[in-house]
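# Close look at the chain arrangement
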Amino acid sequence: MAINLQKGQRIGIQLSRMTIGLGWDPNEGTGSDFDLDASAFMIDINKHIPSEPFFIFYGNTNSPDGALQHTGDDPTGGNSIDGDDESIKVDLSKLDSSIHEILFVVTIHAALERRQNFGQVRNSYIRVVDESTGREVAKYELGEDFSIETAVEFGRLYKRDGQWKFEASGIGYKEDLAYFVSKYYKGQIIQ
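Residues numbered from 1 in each chain as written. Predicted model: local features only at pLDDT ≥ 70, side-chain atom pairs only at ≥ 80, totals over all residues. Heavy atoms only, no water.

## Concerning the pattern of salt bridges
This is how it is decided: Whenever a carboxyl oxygen of Asp or Glu lies within 4 Å of a side-chain nitrogen of Lys or Arg, that contact is scored as a salt bridge. Put simply, DSSP marks the helices as runs of H or I at least four residues long and the strands as runs of E at least two long, and each gets a number from the N terminus on. For the exposure calls, accessible area comes from a 1.4 Å probe over protein chains only, and a residue counts as buried if that area is under 20% of its type's maximum, exposed if over 50%, partly exposed in between.
What the rule picks out here adds up to 8 salt bridges. Salt-bridge contacts for Lys 89 lead to Glu 131; the nearest nitrogen and oxygen are separated by 3.2 Å. Residue Lys 89 is located in strand β7 (residues 86–91), and its partner Glu 131 is located in the loop between β9 (121–130) and β10 (136–141); the two are separated by 42 residues in the primary sequence. On the basis of relative accessible area, Glu 131 is assigned to the partly exposed category, the value being 25%. With a closest N to O distance of 3.0 Å, Arg 127 and Glu 136 form a salt bridge. Several salt bridges converge on common partners, so that one network encompasses Arg 10, Lys 47, Glu 101, Arg 156 and Glu 167.

This is how it looks when you write it as structure tokens:
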């Protein structure tokens, strides 16, 4: 049976291969289509991305070590009626040894121009699915009203004392994807 996580709750992860599924539903009558984008930041012990290819998103779907694969962008949130809108496959056995944390963030594309925020989105969640069985291991449903936030750190995988753990973060930001890239990557960004 899957564990329903609360904000800030952490659990040990005994899997090497998993899918991180992310889902959401825009509220009815909110105008333009919502283009929410899931991203993963592969972070080293210094809290930085070692190089640009370790930032996984719709424009870079595979990590250089083969450990992460973004399955593709859903520009309307309509990929599924009852399932994940976007997902990122993770294989910890392939993970570069310098990576100690994988941060999962969802941002609203063109949020300022479209006047959109997470207060106009419902049923948001992140879940961990065992890749070998398809069984849901844990799920965190964002129950908070992020009325002005345009980005949310949904959760993170991190290594502590040689063991991988998952934390349900649920931290909202009034920022865009560029904010997270500049926060975790110190090199020159190739456009």
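## Focus on the sheet that holds β9
To summarise the sheet geometry, strands pair through backbone hydrogen bonds and adopt either a parallel or an antiparallel arrangement. Spelled out, the test is: For two strands to pair, DSSP has to find at least two bridges joining them. Note on geometry: axes are C-alpha line fits, over the in-contact stretch for helices, and angles between N-to-C directions span 0 to 180 degrees.
Read from one edge to the other, the open sheet built from 6 strands follows the order β1-β10-β9-β3-β7-β6, with strand pairing classed as mixed. Because the sheet does not close on itself, it has two edges, and the strands there are β1 (3–5) and β6 (68–70). Averaged over all neighbouring strand pairs, the angle between strand axes comes to 15°, with direction disregarded. The pairing of β1 with β10 spans 3 bridges and is classified as parallel. Across the sheet, residue Asn 4 finds its bridge partner in β10, namely Lys 139.

## Focus: the side chain of Ser 63
The line we're drawing: Any pair of N or O atoms that falls within 3.5 Å is considered a polar contact. Within protein, one atom must be able to donate a hydrogen and the other to accept it, and sequence-neighbouring residues count only if both atoms are side-chain atoms. A contact between two residues is defined here by any heavy atoms of the two lying within 4.5 Å.
Locating Ser 63 in the fold gives a position in the loop between β5 (55–56) and β6. Classification of Ser 63 as buried rests on a relative accessible area of 6%. Engagement of the side chain of Ser 63 in a polar contact is seen with the side chain of Asp 65, the distance being 2.5 Å. Here the side chain of Ser 63 touches Leu 68 through a polar contact of 3.0 Å, landing on its backbone nitrogen. In this view, Ser 63 contacts Met 42, Pro 53, Ile 56 and Leu 68; residues no more than four positions away in its chain are not counted.

## Some details on the pairing of strand β4 (residues 36–44)
Taken across its 9 residues, β4 has 9 buried, putting it largely inside the fold. What you see with β4 is no split at all: Leu 36, Ala 38, Ala 40, Met 42 and Asp 44 on one side and Asp 37, Ser 39, Phe 41 and Ile 43 on the other are buried throughout. Alignment of β4 against strand β8 (residues 99–108), held across 9 bridges, turns out to be antiparallel. Bridge pairing in β8 links Met 42 to Ile 102.

## Focus on unusual backbone geometry
Look at Ala 110: it is not a glycine, yet its phi comes out positive at around 55°. Of the residues examined, Ala 110 reaches a relative accessible area of 23% and is grouped as partly exposed. Even without a glycine there, the phi angle at Asn 123 is positive, about 55°. In this fold, Asn 123 is placed in strand β9.

## Some details on the packing of aromatic side chains
To be explicit about the condition: In this analysis, rings of Phe, Tyr and Trp, with Trp reduced to its six-membered ring, are considered paired at centre separations within 6.5 Å, and the interplanar angle assigns stacked below 30 degrees, edge-to-face beyond 60, and tilted for intermediate values. Note on geometry: a ring has a charge over it if NZ (lysine) or CZ (arginine) is within 6 Å of the ring centre and within 35 degrees of the ring normal.
Summed over all chains, the structure comprises 9 aromatic pairs. Consider the rings of Phe 41 and Tyr 184, whose centres lie 5.8 Å apart with planes at 45°: the pair is tilted. Residue Phe 41 is found in strand β4, and its partner Tyr 184 is found in helix α2 (residues 177–184); the two are separated by 143 residues along the sequence. Look at Phe 41 and you get buried, because its relative accessible area is 0%. Here a set of aromatic residues connected by ring pairs shows up, and it is made of Phe 41, Phe 55, Phe 57, Tyr 58, Tyr 173, Tyr 179, Phe 180 and Tyr 184. We note Lys 139 situated over the ring of Tyr 125; from NZ or CZ to the ring centre the distance is 4.3 Å. Between the NZ or CZ atom of Arg 156 and the centre of the ring of Tyr 158, over which it lies, the distance is 4.1 Å.

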